[in-house]
Amino acid sequence: MLAVHLLAFHFTKLKEDQIKKVDRYLYHMRLSDDVLLDVMARFQAEMVKGLGRDTNPTATVKMLPSFVRSLPDGSEKGDFLAVDLGGSQFRAHRVKVFDDGKQSSQLESKFYPTPKEVIQGNGAELFDYVADCLLDFIETKNLKRKKLPLGFTFSFPCKQTKLEEGVLLAWTKHFKVRGVQETDVVSSLRKALQKHKDIDVDVLALVNDTVGTMMTCGYDDPRCEVGLIIGTGTNACYMEEMRHIDLVEGDEGRMCINTEWGAFGDDGALDDLRTEFDRELDLGSLNPGKQLFEKMISSLYLGELVRLILLKMTKEGLLFNGKVSTALLTKGKIEMKHVSAMEKYKEGLNNTREILTELNLFPSEEDCIAVQHVCTIVSFRSANLCAAALAAILTRLRENKKLLRMRTTVGIDGGLYKTHPQYAKRLHKVVRRLVPNCDVRFLLSVSGSGKGAAMVTAVAYRLAAQRKQIDAALAPFLLSLETLREVKNKMRTELEYGLKRETQASATVKMLPTYVCGTPDGTEKGKFLALDLGGTNFRVLLVKIKSGRRRSVQMYNKIFAIPLEIMQGTGEELFDHIVQCIADFLEYMGIKGARLPLGFTFSFPCRQASIDKGTLVGWTKGFKATDCEGEDVVDMLREAIRRRNEFDLDIVAVVNDTVGTMMTCGYEDPNCEIGLIAGTGSNVCYMEDMKNIEIVEGDEGKMCINTEWGGFGDNGCIDNIRTKYDIEVDEGSLNPGKQRYEKMTSGMYLGEIVRQILIDLTKQGLLFRGQISESLRKRGIFETKFLSQIESDRLALLQVRRILQQLGLDSTCDDSIIVKEVCGAVSKRAAQLCGAGLAAIVEKKRENRGVEHLQITVGVDGTLYKLHPHFSRVLRETVKELAPQCDVTFMLSEDGSGKGAALITAVAKRLHNVGQK
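Once that is clear, we can look at the overall build of the chain. The secondary structure content of the chain amounts to 31 helices and 26 strands. By the compact-globule yardstick of 29 Å for 917 residues, the chain is too spread out, its C-alpha radius of gyration being 38 Å. Across its three principal axes, the chain shows a C-alpha extent of roughly 125 × 65 × 50 Å. The 917 residues of the chain split such that 59% are buried. Partitioning the intrachain contacts of the chain with sequence separation of at least 6 by distance along the chain shows that 71% fall at a separation of at least 24.

Below, the structure written as structure tokens:
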């Protein structure tokens, strides 16, 4: 028993001594966590360099865009071919993808050798060989009569400008084929395939094996957004935000970046970590000075590294009694399979003895222990370096997503990872140590690179089909210049109908006279009250106007809510509520006893007989109070004041908010003769020559006309541009068949149009995995403010996803792109239609004045114009395009409905006083 213990002690001591000896000898190959964190930071810097347009040419990590923009979503289906060139064997595959809800697929493969004369010959021979092997596979599988799409896995760095094109930058691994570099490998494959007239194959996608691995694993796990190869070569890819990829146009969505990390350090960035053995190995390789990171990691080089270390240690008398065999002097005699065998847990030492004996080295027990430890250090360094670069990619992904902690999956393939007994475990452990805030699942790819090419092709197929469906849904929102001219001309016709006595009654654009006959001239002064009713809030304002050198307008206001039950109750309740709010305000301001002149902004269509008489034509914007339509709203307000019997007011003017907007801007700019509201509702007013207004007596001077253009199209004149979604929104509204133009252009309805489109696209399986959530079924959930937020250029898709999540819509990155596109189509059309209408008005003003060229200012208000990131620009561009002889300045109104009402009251008082004199 004692003898056994002594023997075990002796062996343990022997092992410790040998391990210490090798550790001292290979000290530079043992990397601490601090060194690895430093490597990680260096790699992060290289990634940024590779992504930048200006820095990419000098970057070693090329960060090549793959033009793979989407991961599998489970709805892919079809029959696909794939060929895979780049490893130790050439492979042909047939992949059937089933849309059965189980994400199932079926793979059939055939392996072909890659003879040395082919992989180190010329390009024509290589691609002819690939085509011949594919023909053999097609014949074997009896697929000759089928036209099948093909994905081409080509595991070498290529510069791509689209998915089905790739120019070879450089050969790597043991490939050295002449005449292929700087040429498009897809064209070469197509040419070779065309020689076989009896096969019909369509090459749809060129894929790197790393991308193929990610796509294969992405089919099984939607969280997979990183692909990693650790085999003959090494590489990684991941899904990068488009806004960070300077080399590709566009900021929307994501794209898979093939890092080509094997070249990391080719500029000397890793020289402090490379040993004399790394340098010697590089000098003896096919591509000295290139792929230096790969030469420290991949299985093609690790066996040779071990050989060079053993050779030097033997020459220095540290192994095999200093006796070098011919085999140990021969390049390539130790391969990765030998290193893996020597590192096996139990039989490793026996394997080591056998392998060394085959190399005619006659090892002792000490030699076997030392050699085994050399293998461990070399392969452990490989796993450490790989982990550091992968940790850099994971950190970038997490930071892109702005997450404190991230769950993700890395799809992984390659002989070294799969067959080495310790490699996978070591890699996982180090990655988790370097990025503790990332919960990483490592998913082994089954037939990754080949099936992956088929998956990329399947996704491309799905996206092409989806693109057609989305384009078809949004096509009716794309208005040509010709269509917009038609809209402008129809609007002009309707404006004329509204002004003429015999057609006014049946006109859809009512052209209501406001009895506002002048704009401010700067002499207005005094204290005025203003009321503002036009939405869900009601305001009462005290406005102090000073004239002369100290000309100014001071305002004090209070906002009161109008509950839904009052908006849709009786007229008496509505006006009693308004008077209650006025009483609160007067008390709050301490002016209850004063009889002040009052302007009442009432933002609904009214027919006026004078400036202080306004008969409600019909409610809009969600109001439905009974017994109001056909009644004079000023009388209703006076009645409510009498009922309360607490105070009295001098109601001078009933004002539309659009007119108020024009007057506010007119106070600052005398050239302002048009008012535009582009907000919850949509409307325009302008100063018309009295001689053109047949429904009002007199031909002298001008009067402001409130067009109430929201009703444009109620007679069917723009039915040709209304979509099924517009009809849906109209039919579900409080006033079906009314305000059709407003329902295509105003903030109250745009979100609802978007919601209808999203429902339709979801039903077609193009959004939200085909699932219509409860929240999407709710009318009004998609408020117009969300359109403004989603379309903001500063907003990354991640933030778009967050907005959609707030709405209860669980979206993918692809969903977010589509939603953004839908919002853009709806709001652009709204701005263009609004611009076409406005162009008709400015043209009319130009003709009224009888000038060749008109300069005019439009006062504008409304949240859509003010807050939407693109609405104002598109509106201005459309007006310029459709009314080229008019130079239109747009001026933002500062509180048109409040300040404007007071100014109209002040102007009316001024004109009244002038009239009395």
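Taken as a whole and assessed by the stated rule, the structure comprises six cavities of 30 Å³ or more. Approximately 110 Å³ is the volume attributed to the largest cavity. Looking at the largest cavity, it is lined by 16 residues, and the ones nearest its centre are Ser155, Lys173, Thr234, Asn235 and Glu294. Per-class residue counts for the lining of the largest cavity are three nonpolar, nine polar and four charged. Looking at the second largest cavity, its volume works out to about 80 Å³.

Our next topic: the sheet that holds strand β25 (residues 854-861). What the six strands build is an open sheet, ordered β14-β24-β23-β22-β25-β26; its pairing is mixed. In this open sheet, the two edge strands, each paired with only one partner strand, are β14 (512-513) and β26 (886-892). Summarising the sheet, β14 and strand β24 (residues 702-706) pair through two bridges and their orientation is antiparallel. Bridged to leucine 512 within β24 is asparagine 706. This element, helix α28 (residues 813-849), spans β22 (672-678), β23 (682-689), β24, β25 and β26 of the sheet and lies at about 5° to β23.

Nonpolar side chains in soluble globular proteins tend to be buried together. Residues Leu228, Ile230, Trp261, Leu394 and Leu427 are the most contacted members of the largest nonpolar core, which totals 116 residues. Top contributing element to this core by residue count: helix α13 (residues 365-400), with 20 residues. Excluding its chain neighbours within four sequence positions, the residues that come into contact with leucine 394 are Val226, Met406, Thr408, Val410, Val431, Val435, Cys438 and Val440. Counting residues in each nonpolar core, the second largest holds 87 residues, with Met744, Val754, Ile759 and Ala836 among its members.

Ordered in space as β4-β3-β2-β5-β8, the five strands form an open sheet in which the pairing is mixed. Each edge of the open sheet is held by one strand with a lone partner, namely β4 (105-113) and β8 (201-207). Between one strand axis and the next, the sheet turns by 20° as a mean value, whatever way the strands run. Pairing geometry for strand β2 (residues 78-85) and strand β3 (residues 89-97), over seven bridges, is antiparallel. Its bridge partner being in β3, alanine 82 is matched across the sheet by histidine 93. Across the sheet, helix α4 (residues 123-140) is in contact with β2, β3, β4, β5 (148-154) and β8; its angle to β4 comes to roughly 130°. This element, helix α5 (residues 185-194), spans β5 and β8 of the sheet and lies at about 155° to β8.

Let us look at α4. If you check α4, its first and last C-alpha atoms are 26 Å apart, about what 18 residues at 1.5 Å a residue would give, namely 26 Å. Of the positions making up α4, those classed as buried are Gly123, Leu126, Phe127, Tyr129, Val130, Ala131, Cys133, Leu134, Leu135, Phe137 and Ile138. Two or three places before alanine 124, at the start of α4, stands the capping residue asparagine 122, its side-chain oxygen 3.1 Å from that residue's backbone nitrogen.

We now examine unusual backbone geometry. The backbone phi angle of phenylalanine 320 is positive, close to 50°, even though this residue is not glycine. Note that phenylalanine 320 resides in the loop between α9 (299-315) and α10 (326-329). At aspartate 627, a position not held by glycine, the phi torsion is positive, near 60°. Tracing the chain through its elements places aspartate 627 in the loop between β20 (613-616) and α21 (633-644). For aspartate 627, a relative accessible area of 63% puts it in the exposed group.

Take the side chain of arginine 829 next. Along the chain, arginine 829 falls in helix α28. When sequence neighbours within four positions are dropped, the list of residues in contact with arginine 829 reads Phe477, Leu479, Ile721, Thr723, Asp726, Met744 and Ile753.

This paragraph deals with the confidence of the model for the chain. Averaged over all residues, the pLDDT of the chain is 89; the fraction at 70 or higher stands at 96%. Per-residue pLDDT stays below 50 along residues 2-11; that stretch engages in three contacts with residues further than four places along the chain or on separate chains.

To continue, consider the pattern of salt bridges. As a working rule, side chains carrying opposite charge can pair if their charged atoms are close by. Taken as a whole, this structure holds 64 salt bridges when the rule is applied. The closest approach of N and O atoms between arginine 42 and aspartate 272, which form a salt bridge, is 2.9 Å. With arginine 42 in helix α2 (residues 33-51) and aspartate 272 in the loop between β11 (254-258) and α7 (276-283), the pair connects residues that are 230 residues apart, well separated along the chain. A salt bridge links lysine 702 to glutamate 673; the nearest nitrogen and oxygen atoms lie 3.1 Å apart. With lysine 702 in strand β24 and glutamate 673 in strand β22, this pair connects stretches of sequence that are 29 residues apart. Residue class for lysine 702 comes out partly exposed when judged on its relative accessible area of 28%. What makes glutamate 673 buried here is its relative accessible area of 12%. Each of the salt bridges in this network shares a partner with another, and the network as a whole consists of Arg492, Glu496, Glu688, Lys844 and Glu847.

A regular strand places its side chains so that they alternate between the two faces of the sheet. With seven of its seven residues buried, β22 lies for the most part within the structure. As paired elements, β22 and β25 share five bridges and run parallel to each other. Note on β25: the bridge partner recorded for isoleucine 677 is aspartate 861. Two elements, β22 and β23, share five bridges in a ladder whose sense is antiparallel. Paired with isoleucine 677 across the strands is asparagine 683, a residue of β23. In sequence, β22 turns back onto β23 through a hairpin of three residues.

For α9, built from 17 residues, the straight-helix expectation of 24 Å at 1.5 Å per residue is met to within 8% by its first-to-last C-alpha distance of 25 Å. In terms of burial, α9 is largely enclosed, as 14 of its 17 residues are buried. Remark: glycine 317 follows α9 within two positions and exhibits a positive phi of approximately 80°.

Here the focus is the environment of isoleucine 245. Residue placement: isoleucine 245 occurs in the loop between β10 (234-241) and β11. Under the relative-accessibility criterion, isoleucine 245 is labelled buried at 2%. For the pair isoleucine 245 and leucine 51, spaced 194 residues apart in sequence, the C-alpha separation works out to 5.3 Å. Residue contacts for isoleucine 245: discarding those within four places in its chain leaves Leu51, Pro65, Glu240, Met255 and Ile257.

Counting through the fold element by element, leucine 135 comes out in helix α4. Along the chain, leucine 135 and alanine 92 lie 43 residues apart, while their C-alpha atoms are 9.7 Å from each other. With near-sequence residues (within four places) excluded, leucine 135 lies in contact with Lys144, His196, Asp198 and Ile199.

Taken together, the side chains of Glu572, Glu573, Asp627 and Glu631 define an acidic patch exposed on the protein surface. Locating glutamate 631 in the fold gives a position in the loop between β20 and α21.

Moving on to the packing of α2 against helix α15 (residues 423-434). Running from N to C, α2 and α15 cross one another at 75°; their axes reach a closest spacing of 11 Å. One finds that α2 runs roughly perpendicular with respect to α15. Residue-level contacts link Asp33, Leu36, Leu37 and Met40 of α2 to Val430, Arg433 and Leu434 of α15. Its residues assigned to classes, the contact of α2 with α15 shows five nonpolar, no polar and two charged.

As a further point, take the state of the cysteines. A complete count under the given rule lists zero disulfides for this structure. Of all cysteine sulfurs, the one in cysteine 704 lies closest to cysteine 685, which takes part in no disulfide; the gap is 3.8 Å. For cysteine 685, a relative accessible area of 0% puts it in the buried group. In this model cysteine 717 remains outside any disulfide bridge; the closest cysteine sulfur is found in cysteine 834, 16 Å from its own.

Reading guide: rules and limits
Residues numbered from 1 in each chain as written. Predicted model: local features only at pLDDT ≥ 70, side-chain atom pairs only at ≥ 80, totals over all residues. Heavy atoms only, no water. Helix = DSSP H or I, 4+ residues; strand = E, 2+ residues; numbered from the N terminus. Rg over C-alpha atoms; globule rule 2.2 N^0.38 Å. Buried < 20%, exposed > 50% of the residue type's maximum accessible area, 1.4 Å probe, protein only. Contact = heavy atoms within 4.5 Å. 1 Å grid on protein atoms, 1.4 Å probe; cavity = no way out; pocket = protein on both sides within 12 Å on 5 of 7 lines; lining within 4 Å. Points joined across faces, edges and corners; volume = space filled by probe spheres on them. Nonpolar A, V, L, I, M, F, W, Y, C, P; charged D, E, K, R; others polar. Pairing = 2+ DSSP bridges. Axes fitted to C-alpha atoms, helices over the stretch in contact; angles between N-to-C directions. Core = buried A, V, L, I, M, F, W, Y, C linked by side-chain atoms within 4.5 Å. Expected span 1.5 Å × (residues − 1). Polar contact = N/O pair within 3.5 Å; in protein donor to acceptor, adjacent residues only side chain to side chain. pLDDT = per-residue confidence, 0-100. Salt bridge = Lys/Arg side-chain N within 4 Å of Asp/Glu carboxyl O. Patch = residues over 30% accessible without salt bridge, like charges linked within 9 Å, V, L, I, M, F, W, Y side chains within 5 Å. Areas by Shrake-Rupley, 256 points an atom, 1.4 Å probe, with all protein chains shown as cover. Lys, Arg positive; Asp, Glu negative; His and termini not counted. Charge placed at Lys NZ, Arg CZ, Asp CG, Glu CD. Parallel < 35°, antiparallel > 145°, perpendicular 65-115°, else oblique. Disulfide = S-S within 2.5 Å.

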